[in-house]
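Working through the structure, step by step
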Amino acid sequence: MADARTNPRSASIAAIRRYLQLRDWKETATKNDAITLFYSTIEGEQLEIPLPTHRDFEGAERLISDALRTLSQLADRDAAELADDINALGFDRIRSIIPDEQVRADSIDLNVATNFILNARRLVTATATNELEPSTFYGRITKDAVAYTDRCRFGHTFRGSFGFTIESPVIQNDEPPLPGMAQTPPFERRVIQRLVRGLHDVQKAEASENPGIIAENYERGFNANMCEALVDLISGTSDRLAIQVAWSPEWRPSPDVSSAPVFHIKPVTVEIVRDAASSLRRAETAQEREILGKVIRLKSEHNPADLLDLTSPREIVIQWMSDEFGPLNVRVNLSPTDYIAALEAHRTGHMISVTGMLERINRTWILSSPKNVQIQF
């Protein structure tokens, strides 16, 4: 059975046409409406490539195969690989390479592949959300970010090393670049540029052992959600991963990301990124807030009604529906008097309001220095 990758049907006519246009091939109509002629002068010799306008006539597949063969010879590349690149012209590609020791007979465990896909989706969605509304962290992903992620594709695994390819779409650039005038890239390109900036910051932070480099650049790179998604991607796939980005030729990447080397993520890298995530969470949440909700858990090691016992902790958990962060379970340590009020609110099913310093430590939300505890009748 022939390899599907070498089948001419694997190459879109529209993509081949765009490939030729981007390389300054000229086109002219022919007497046959089913064929367009492309021509170019290369090393003093004029070359012609007839390309069908549609596949619904005899000879179309032969013309497509001949075009791919000619272009692969001019580029000195394998025809199947060139066909893949032609089809991916309208996509920025994120390539993630799995360590060789996890590869057996050119395959990997299914759970590794499943974890990669789920966590890679989280990372892309988190990047898109932060691009839409830059912040140290967010509570909810946006619909626009999810819609963008749904338009991304899962591409071919690639040869040489086992890896995954995620393809992020970009619209066709029909505006010719003007000297000295920078073009505004589409949202989809800006998402991947943010990802690459963040990976550059991760590399610098690791080299200097300073996670603050990541945290201080959240407006243009990684925020806490992106850091956490990257950590989960590595942890769920392997202890190491190599990431590389290939830009679509439709748009020029911004100068600060035009050089996108292979980013090597190692165990020490994961720790740096995890520290940056914790720092970003604390930076946003360590501020005074009033929370309102039902008491869903109470904990006291001694008699909660003993107002003279100030040594034992009295902890409650309030279920708070935050407009900013979504539904949260917040832990609060209360004085004996306030704990009794919380106990009464829990018994009667009433809500309780508390003001304090809200912060997230690892995955736990805490309201410290509580005051103004009131039952909402």
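The present account deals with the structure reproduced in this document. (Residues numbered from 1 in each chain as written. Predicted model: local features only at pLDDT ≥ 70, side-chain atom pairs only at ≥ 80, totals over all residues. Heavy atoms only, no water.)

1. Here we look at helix H5 (residues 143-151)
Taken as a whole, H5 has its buried residues at Ala 145, Tyr 148 and Thr 149. Considered in projection along H5, the buried side chains sweep an arc of 100° and stay on one side of the axis. Residues of H5 that are exposed and point over 90 degrees away from its buried face: Lys 143 and Asp 144. Close packing links the buried residues of H5 with helix H4 (110-132), strand S6 (163-169) and helix H6 (187-208). (Buried < 20%, exposed > 50% of the residue type's maximum accessible area, 1.4 Å probe, protein only. Helix = DSSP H or I, 4+ residues; strand = E, 2+ residues; numbered from the N terminus. Arc of directions from axis to C-beta. Contact = heavy atoms within 4.5 Å.)

2. A short note on the sheet that holds strand S9 (residues 287-300)
Taking strand neighbours around the barrel as the criterion, the 5 strands line up as S9-S10-S11-S13-S12 in a closed arrangement whose pairing is mixed. Neighbouring strand axes in the sheet, compared pairwise and without regard to direction, differ in orientation by 50° on average. Here strand S12 (residues 351-361) pairs with strand S13 (residues 364-376) via 9 bridges, running antiparallel. Each residue of the ladder has a partner; that of Arg 360, found in S13, is Trp 365. Contacts between helix H10 (residues 336-348) and the sheet are confined to S9, strand S10 (314-322), S12 and S13, with S9 contributing the most and set at about 70° to the helix. (Pairing = 2+ DSSP bridges. Axes fitted to C-alpha atoms, helices over the stretch in contact; angles between N-to-C directions.)

3. Looking at the pairing of S9
Two faces, one strand: in a regular strand the side chains alternate between the faces of the sheet. Pairing geometry for S9 and S12, over 8 bridges, is antiparallel. By the bridge assignment for S12, Gly 293 is matched with Ile 352.

4. Quick word on the nonpolar core
Membership of the largest hydrophobic core comes to 72 residues, with the highest contact counts inside it found for Ile 214, Phe 222, Leu 230, Val 330 and Val 332. If near-sequence neighbours (up to four positions away) are discounted, Val 330 is found in contact with Ile 291, Ile 316, Val 317, Ile 318, Trp 320, Leu 358, Trp 365, Ile 366 and Leu 367. (Core = buried A, V, L, I, M, F, W, Y, C linked by side-chain atoms within 4.5 Å.)

5. A word on the packing of aromatic side chains
A complete count under the given rule lists 6 aromatic pairs for this structure. Taken together, a centroid distance of 5.2 Å and an interplanar angle of 10° make the contact between Phe 137 and Phe 325 stacked. Of this pair, Phe 137 sits in the loop between H4 and H5 while Phe 325 sits in the loop between S10 and strand S11 (326-333); the two residues are 188 residues apart in sequence, bridging distant segments of the chain. Classification of Phe 137 as buried rests on a relative accessible area of 4%. Measuring from centroid to centroid gives 5.7 Å for Phe 154 and Phe 164, while their planes differ by 45°, and the two rings are tilted. With Phe 154 in strand S5 (residues 153-154) and Phe 164 in strand S6, this residue pair connects regions lying 10 residues apart in the sequence. With a relative accessible area of 45%, Phe 154 lands in the partly exposed category. (Phe/Tyr/Trp six-rings, centres within 6.5 Å; stacked < 30°, edge-to-face > 60°.)

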